[in-house]
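Below, each chain spelled out in residue letters.
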Amino acid sequence: MNRNKQFQANLTHARNLFREEDAVIRIDELPTMIIGDLHGDLEALTMVISIKEKLEPANIIFLGDYVDRGRNSVEVLSRLLELKIASPKNVFLLRGNHETKQMNEKSGFLDELKDSDLFNFANIVFEEMPVAAVINKKIFCVHGGIEDIRKTTAITKQNSFNYLWNDPSGIQGLNFSIRGRDIRTFGPDIVEGFLRLNDLQMIIRAHSSLDTGYRWWFGNKLLSIHSTLNNHGTPAKGAVCLIEKDQLDIYTYGKTGDDTGIIDKIRHDF
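Structure report, in brief. (Residues numbered from 1 in each chain as written. Predicted model: local features only at pLDDT ≥ 70, side-chain atom pairs only at ≥ 80, totals over all residues. Heavy atoms only, no water.)

## Quick look at the sheet that holds strand β7 (residues 167–168)
Quick note on the threshold: A pair of strands is labelled paired if DSSP reports no fewer than 2 bridges between them. Put simply, DSSP marks the helices as runs of H or I at least four residues long and the strands as runs of E at least two long, and each gets a number from the N terminus on.
The strand order β7-β9-β8 describes an open sheet built from three strands, whose pairing is mixed. Of all strands in the sheet, those bounded by a partner on one side alone are β7 and β8 (174–177). In this sheet, strand β9 (residues 180–186) lies alongside β8 in antiparallel orientation, the contact comprising four bridges. Of the residues in β9, the one forming a bridge with Leu174 is Phe186.

See the structure below:
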């Protein structure tokens, strides 16, 4: 079977699995591993899988942006779909802003795929992906951010735009974003209100390019992680995190000489 036929088969199978999932996945079993943007970075995905095999988490959540920018979008996404198909109750693929046609038709995915029909089908499948996850009733996971101080039960797959696009900001309230007209930034007061309303402790999100692989916001109420080894053409560290009952461990990785390996482990206690 050639690459595109295999990719289409994976998309078809995974679509049925995504359809069965709610917009917000609820996960109570720990430990759970969380991965940020991969953007067609096959080397980063290989490192993530290596860490997964070492840590043996009960569940693994990918926060979106599987395609575009990198040179291996199709292979990265296809491998992730295969992971989902092999363990549908333990592997979760959330939707990112690059899992939207407005982004991936101009940022590399379409050019790499070279098949407009398959490209359109992939974007139909993306619309079935879950938007967010809640881990152990206390951690909200999403690609971009939050829309406002609202219940997580109000999130739908059809109205997910701001959860894929919004960013944290040190400025209070909801404000316009340089990313686009309908995109907003949300401040510490919005995060505090969202967590209080939903009886949660913190937010973990991706979406931001970070040389260090991660960044804390708002007194450790929000964590941004970035898992590629490339920040818009510049080599960068990647990061993943592992959630256990009373702690969160961040693993950073990157080039050490000619090899890619774990650089550091940072522990955060709840």
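## Looking at the environment of Arg179
What counts is decided by this rule: When a residue's accessible area, from a 1.4 Å probe over protein chains only, is under 20% of the maximum for its type it is buried; when over 50% it is exposed; and in between it is partly exposed. In this analysis, two residues are considered to be in contact whenever any of their non-hydrogen atoms come within 4.5 Å of each other.
Inspection of the secondary structure assignment puts Arg179 in the loop between β8 and β9. Its relative accessible area of 37% is what places Arg179 among the partly exposed residues. Distance from Arg179 to Asp167, taken between C-alpha atoms, is 9.4 Å for residues twelve residues apart in sequence. When residues no more than four places from it in sequence are discounted, the contact partners of Arg179 are Trp165, Asp167 and His207.

## Quick notes on the side chain of Lys157
For clarity, the cut-off: Just so you know, the count uses Lys and Arg for positive and Asp and Glu for negative, and it drops His and the chain ends. The rule for a salt bridge is simple: a side-chain nitrogen of Lys or Arg has to be within 4 Å of a carboxyl oxygen of Asp or Glu. Polar contacts, as used here, are pairs of N or O atoms within 3.5 Å; protein pairs need one atom able to donate a hydrogen and one able to accept it. Residues neighboring in sequence count only if both atoms are side-chain atoms.
The residue Lys157 is located in the loop between β6 (139–142) and α7 (161–165) in this model. Here Lys157 is buried and forms no salt bridge, its nearest opposite-charge partner Glu128 lying at an N-O distance of 4.7 Å. Here Glu21 takes part through its backbone oxygen, which lies 2.7 Å from a polar atom of the side chain of Lys157. At 2.7 Å, the side chain of Lys157 and the backbone oxygen of Glu128 are in polar contact. Not counting the four nearest positions on each side in its chain, Lys157 is found in contact with Phe18, Arg19, Glu21, Asp22, Ala23, Arg95, Glu127, Glu128, Met129, Pro130 and Val131.

## What about the pairing of strand β10 (residues 202–205)?
Residues Met202 and Ile204 line one face of β10 and the alternating positions Ile203 and Arg205 line the opposite face, and both faces are buried. Bridge analysis of β6 against β10 gives four bridges, and the strand direction is parallel. Across the sheet, Val142 pairs through a bridge with Arg205, a residue of β10. Relative to strand β12 (residues 222–225), β10 runs parallel, the two sharing three bridges.

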